[in-house]
Amino acid sequence: MRVLVKGAGVAGLVVAHELHARGAEVKVLDPHANFDRAASWLAGGMLAPWCERESADDAVLRLGAQAADRWDAILPGHVARNGTLVVAPARDQGELKRFAGRTSGYRWVDEEDIAALEPVLAGRFRHGLFFAQEAHLNPRHALRELKEKLTALGVVFAAGDIEEDGFSDIVDCTGAARIGQVGDLRGVRGEMLYLSTDEIELSRPVRLLHPRIPVYVVPRGGGLFMVGATMIETDFDGPITARSLMELLNAAYTLHPAFADAALVETGAGIRPAFPDNLPRVVREGNAVVLNGLYRHGFLLAPAMAAQAADLVFSGRTKQRSSQCV
């Protein structure tokens, strides 16, 4: 079986890996070298289904619960299983209680616990939530390593036009590029930044709750931290706005004042493809299987959705399937 995968973001790469593992000959159409236009490049890389359940459908938890194990199988050694810490300033303790009431898989932690988990935060927060089962990875390392692995396995990456007639099936993982082509697919803008400082050390993602713009800070190692991310209902793909930049920087400062002296080394903005229910779908459209709508859950849900896409390719079924009913 020869399968063409369109798109080389996290969805396309994981689909290619899943198809190859099942014995297919795979070619990947990768029109943008070095992940130039991949929303995955700007991702947080948090494998945090219990945290995401706070604002997402139960399907996100169900499909994402095994994400860390799946990524460990795909790229051994890339997953850090240090959990997630959720905190809030004293004035926003109500947000912490609200968050806890909408999810599970956590334990309450006090000042002493927080200091033990993240010594740099000692004395800064009185209460928090610790999600011990959650994990994270570095998306940029994962994307590069997975592409290199697939190339070594014999998967071919091509940038130009490809004659599709020679393939037994096609899997479309082109994400936001299909906004306007798929009726109910919309764009949700996400903005992020990278800060560099040797004054702060974190072992895990830390989420800071705020009534208007909850944010996360994810350690990347070597004093580098990703701060993200806004969720704006627009498909405008220009640079980060001044408002968003100030809000993200203010949140980082609230987490720890030493971020005020950090170097701002990168900002970015990308468009996440999303359906009205914010859940991904795998469907058969004509001669192609389409995986889209990963929204803000690309790395979390890509392995589970890739398995569904591969099931559809190998079964040859034409019935529509989605994460809601699997």
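Residues numbered from 1 in each chain as written. Predicted model: local features only at pLDDT ≥ 70, side-chain atom pairs only at ≥ 80, totals over all residues. Heavy atoms only, no water.

This is how it is decided: UniProt positions are given in the numbering used here, feature names are shortened, and annotations may be inferred rather than shown by experiment.
The chain has the name D-amino-acid oxidase in an unreviewed UniProt entry, where Rhizobium pisi is given as its organism. Per its UniProt entry, the chain bears the Catalytic activity (unreviewed entry) comment "a D-alpha-amino acid + O2 + H2O = a 2-oxocarboxylate + H2O2 + NH4(+)". Listed in UniProt under the heading Pathway (unreviewed entry), the comment for the chain reads: "Cofactor biosynthesis; thiamine diphosphate biosynthesis."

**Looking at the overall build of the chain**
Rule in force here: Strands here are runs of E lasting at least two residues and helices are runs of H or I lasting at least four, both read from the DSSP assignment and numbered beginning at the N terminus. Both definitions apply: the radius of gyration is a C-alpha atom measure, and the globule rule equals 2.2 Å times residues to the power 0.38. Type-normalised accessible area, obtained with a 1.4 Å probe on protein chains alone, sets the label of each residue: buried when under 20%, exposed when over 50%, and partly exposed for intermediate values. Should any heavy atoms of two residues lie within 4.5 Å, those residues are considered in contact. Residue-level accessible areas treat just the shown protein chains as cover; the underlying method is Shrake-Rupley with a 1.4 Å probe. Positive charges are assigned to Lys and Arg, negative charges to Asp and Glu, while His and the chain termini are left out of the count. Charge positions are represented by NZ for Lys, CZ for Arg, CG for Asp and CD for Glu.
Helix and strand content of the chain: nine helices and 17 strands. Taking 326 residues into account, the globule formula puts the C-alpha radius of gyration at 20 Å, and the chain, at 20 Å, falls close to it. Counting only C-alpha atoms, the chain reaches 65 × 35 × 35 Å along its principal axes. Residues counted as buried form 56% of the 326 residues belonging to the chain. The contacts of the chain with a sequence gap of at least 6 include a subset with a gap of at least 24, amounting to 76%. Total accessible area on the chain stands at roughly 14,000 Å², and carbon and sulfur atoms take up 48% of it. Where the 35 positive side-chain charges of the chain centre and where its 40 negative ones centre are 4 Å apart.

**Notes on the packing of helix α4 (residues 67–74) against helix α9 (residues 298–315)**
Inclusion rule: Only C-alpha atoms enter the line fits that serve as axes; for helices the fit covers just the stretch in contact. Angles between N-to-C directions range over 0 to 180 degrees. Note that the term roughly parallel is reserved for angles under 35 degrees, roughly antiparallel for angles over 145, roughly perpendicular for angles of 65 to 115, and oblique for everything else. Residue classes follow a fixed rule: Ala, Val, Leu, Ile, Met, Phe, Trp, Tyr, Cys and Pro count as nonpolar, while Asp, Glu, Lys and Arg count as charged, and any other residue, Gly among them, counts as polar.
Relative orientation of the contacting elements α4 and α9 amounts to 75°, with a least axis distance of 9 Å. Judged by the angle between their axes, α4 and α9 are roughly perpendicular. Across from Ala-67, Arg-70, Trp-71 and Ile-74 in α4, the residues of α9 making contact are Phe-299, Leu-300, Pro-303, Ala-304 and Ala-307. In terms of residue class, the contact of α4 with α9 is made up of eight nonpolar, no polar and one charged.

**With respect to the sheet that holds strand β4 (residues 84–87)**
So the rule is basically this: Should DSSP find at least two bridges between two strands, the strands are taken to pair.
Strand order in the open sheet made by the eight strands is β5-β6-β4-β11-β12-β13-β10-β14, with mixed pairing throughout. Lying at the two open borders of the sheet, with one neighbouring strand each, are β5 (107–110) and β14 (263–274). Strand after strand, the sheet turns through a mean of 25° between neighbouring axes, direction not considered. As paired strands, strand β10 (residues 186–196) and strand β13 (residues 224–228) are joined by five bridges and run antiparallel to one another. Looking at the pairing, Tyr-194 lines up with Met-226 of β13. Across the sheet, helix α5 (residues 93–101) is in contact with β4, β5 and β6 (127–131); its angle to β6 comes to roughly 30°. Packed onto the sheet, helix α8 (residues 242–255) meets β4, β10, β11 (206–208), β12 (215–221), β13 and β14 and runs at close to 50° relative to β10.

**A word on the domain arrangement of the chain**
Stated formally: Start and end points for every domain follow an automatic or database-based domain assignment. By definition, the buried area sums, over both parts, the 1.4 Å-probe accessible area that each loses when the two are put together. For this analysis, a salt bridge means a side-chain nitrogen from Lys or Arg found within 4 Å of a carboxyl oxygen belonging to Asp or Glu. Side-chain atoms alone can form a polar contact between residues adjacent in sequence; in general such a contact is a pair of N or O atoms within 3.5 Å, and within protein one must be able to donate a hydrogen while the other accepts it.
You can read the domains of the chain as domain 1 (1–80 + 137–177 + 276–325) and domain 2 (84–132 + 186–274). If you average the C-alpha positions of domain 1 and of domain 2, the two centres end up 26 Å apart. On the domain 2 side, the residues contacting the 27 residues of domain 1 number 29 residues. Both sides together, the interface formed by domain 1 and domain 2 hides about 2,200 Å², and carbon and sulfur atoms give 56% of it. On inspection of domain 1 and its partner domain 2, the count reaches four salt bridges. Between Arg-98 and Glu-54 there is a salt bridge, and its shortest N-O distance comes to 2.7 Å. One can count nine residue pairs in polar contact (both at pLDDT 80 or more) joining domain 1 with domain 2.

**Brief notes about the nonpolar core**
Quick note on the threshold: Only buried Ala, Val, Leu, Ile, Met, Phe, Trp, Tyr and Cys residues count toward a nonpolar core, and they belong to the same one when joined by side-chain atoms within 4.5 Å.
Counting 73 residues, the largest nonpolar core has Leu-19, Trp-71 and Val-171 as its most contacted members. Taken domain by domain, the makeup of this core includes at least three residues from each of domain 1 (1–80 + 137–177 + 276–325) and domain 2 (84–132 + 186–274). If near-sequence neighbours (up to four positions away) are discounted, Val-171 is found in contact with Val-3, Leu-4, Val-5, Lys-6, Val-15, Leu-19, Val-289, Ala-309 and Val-313. Val-109, Phe-130, Ile-200 and Ile-240 belong to the second largest nonpolar core, which has 28 residues in total.

**Here we look at the layout of surface pockets**
Put simply, the test is: The method works on a 1 Å grid over the protein atoms by themselves. A cavity is a set of points holding a 1.4 Å probe that cannot get out, a pocket is an open set with protein on both sides within 12 Å along at least five of seven lines, and residues with an atom within 4 Å of a point line them. Grid points are joined across faces, edges and corners, and a volume is the space filled by probe spheres set on the points.
Of the voids in this model, the second largest pocket is the one considered here, and its volume is about 470 Å³. Forming the boundary of the second largest pocket are 25 residues, of which Arg-212, Ile-213, Pro-214, Met-231 and Arg-296 lie nearest the centre. Elements with a minimum of two residues in the lining of the second largest pocket: α2 (49–52), α5, β12 and α8. Split by residue class, the lining of the second largest pocket holds eleven nonpolar, five polar and nine charged. Inspection of the lining of the second largest pocket shows a minimum of three residues originating in each of domain 1 (1–80 + 137–177 + 276–325) and domain 2 (84–132 + 186–274).

**Some points on the packing of aromatic side chains**
Here is the rule: Centres within 6.5 Å are what make two rings of Phe, Tyr or Trp a pair, Trp counting through its six-membered ring; a difference in plane orientation under 30 degrees is then read as stacked, over 60 as edge-to-face, and the rest as tilted.
Within the structure shown, the criterion is met by six aromatic pairs. Where Phe-225 meets Phe-259, the ring centres are 5.4 Å apart and the plane angle is 90°; that geometry is what we call edge-to-face. Highlighted residues: Phe-225 in strand β13 and Phe-259 in the loop between α8 and β14, separated in sequence by 34 residues. Each member of the pair, Phe-225 as well as Phe-259, carries the same accessibility label: buried.

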